[in-house]
Amino acid sequence: MRIRVSHLTTYRYDQPASRVIQTLRMTPRPHDGQHVVRWRIDVSADCRLTTQEDAFGNITHAFSADVPTDQLEVLVEGEVETQDTDGIVRGIIERFPPSLYLRETDLTHADPAIVAFARDATAGEAGGTIGTLHALVRAVHAEVTFDTDPTHPATTASEAFSLRRGVCQDLSHVFIAAARSLGVPCRYVGGYYWRSDGITAQEAGHAWVEAHVADLGWVAFDPAHAMCATDAYVRVAVGLDYLGAAPVRGTRFGGRGETLAVAVHVDQAFQQVQS
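Fair warning: this is a prediction, and the values are worked out from it, not measured in the lab.

Visitor: It is not clear to me how unusual backbone geometry should be interpreted in this structure. Could you clarify?
Guide: Apart from glycine, the bulk of residues carry a negative phi angle, and the bulk of peptide bonds sit in the trans form. Of note in the backbone geometry, R164 takes a positive phi value of approximately 60° without being a glycine. The topology assignment puts R164 in the loop between α3 (157-163) and β8 (165-166). For R164, a relative accessible area of 30% corresponds to the partly exposed category. In this structure, A226 takes a positive phi of about 55° despite not being glycine.

Shown next, in the form of structure tokens:
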């Protein structure tokens, strides 16, 4: 399918910020099953975007707005053609061996409760590693309820699991922590998800995970929907956790009373017809 994305991030300041520096991970790369038709980034400030790649191969854009401002907007728009690959991710840039993604972070620490949960959820599961991961994604989805209220971007896997609630970022962190505790390399993925129920307006992008399976490579699982990624997903950035794939990270000088508003729209550019 062809997926159209619009992602507007708006910062407002009660007192103007004298300088804003940001790094964006908001541009998808092509790979098997994903072709970027068009993509652009617009920043409301008079600045220059510098394009680079980070350590994980994500496309990054950095800018510095040096003129005092009380409002800053970052708009990302584009279209991506996708195909269903049964969750298997191939044709991507790999800078590190899979074993790197066994590394624990503060956001993905597996406490005793998560370790026990992972062990119990996959006990006796047939089908090797892939069977274990399918059991785990179902278990995380069943155990942790999607809820936008109790967590925030700095919530850890342990905190979300103790609450048994969280957003897609939290479910992904719980899955990553559990998978790594079982010895399976796993990483965080940020991007966009097309909803088949006709709802196009979303409060944020989407998050899921990729786990490494011998003889298959990286396989994408979505704990928020208890399934593998399909052609409804636009893959943008990866990392050890959310911080490595966050769409926007930066700093500002001045700018007291900051408020943030995000408006994301994901829909189909057109309905493909097969002959």
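Visitor: I keep staring at the pairing of strand β11 (residues 206-213) and nothing clicks. Help me out?
Guide: Looking along a regular strand, one sees the side chains alternate between the two faces of the sheet. Extensive coverage of β11 is indicated by the burial of seven of its eight residues. Here strand β9 (residues 186-193) runs beside β11; their pairing, made up of six bridges, is antiparallel. Residue R187 lies in a different strand from β11, and its bridge partner there is E210. Direction of pairing for β11 relative to strand β12 (residues 217-222): antiparallel, over a ladder of five bridges. In the sheet register, V209 faces β12, and the bridge partner there is F221.

Visitor: Where do I start with the environment of R12 in this structure?
Guide: Position of R12 among the secondary structure elements: in strand β1 (residues 2-27). Given a relative accessible area of 40%, R12 falls into the partly exposed group. Within polar-contact distance, the side chain of R12 engages the side chain of Q71 at 3.3 Å.

Visitor: For this particular structure, what's the right way to read the environment of R25?
Guide: Assignment of secondary structure puts R25 in strand β1. On a C-alpha basis, the gap between R25 and S172 in space is 18 Å, while along the polypeptide they are 147 residues apart. The residues touching R25, leaving out its near neighbours within four places in the chain, are D54, N58, I59, T60, V236, A237, G244, A245, A246 and P247. Of the polar contacts made by the side chain of R25, one reaches the side chain of D54; its length is 2.8 Å.

Visitor: What should I look at first to understand the packing of aromatic side chains in this one?
Guide: The relation between two aromatic rings is expressed through the spacing of the ring centres and the mutual angle of the planes. Across all of its chains, the model carries nine aromatic pairs by this definition. Plain terms: the ring middles of F56 and Y101 are 6.1 Å apart, the flat faces sit at 45° to each other, and that makes the pair tilted. Placement of F56 in the loop between β3 (50-53) and β4 (59-65) and of Y101 in the loop between β6 (88-89) and α1 (112-122) is noted, with a sequence separation of 45 residues between them. What makes F56 buried here is its relative accessible area of 16%. Taking NZ or CZ as reference, R164 lies 3.8 Å from the ring centre of F161, over its face. In this structure, R187 is placed above the aromatic ring of Y101, and the distance from its NZ or CZ to the ring centre is 5.1 Å.

Rules of the game
- Residues numbered from 1 in each chain as written.
- Predicted model: local features only at pLDDT ≥ 70, side-chain atom pairs only at ≥ 80, totals over all residues.
- Heavy atoms only, no water.
- Helix = DSSP H or I, 4+ residues; strand = E, 2+ residues; numbered from the N terminus.
- Buried < 20%, exposed > 50% of the residue type's maximum accessible area, 1.4 Å probe, protein only.
- Pairing = 2+ DSSP bridges.
- Polar contact = N/O pair within 3.5 Å; in protein donor to acceptor, adjacent residues only side chain to side chain.
- Contact = heavy atoms within 4.5 Å.
- Phe/Tyr/Trp six-rings, centres within 6.5 Å; stacked < 30°, edge-to-face > 60°.
- Lys NZ or Arg CZ within 6 Å of the ring centre and 35° of its normal.

Nothing here speaks to function; it is geometry throughout.
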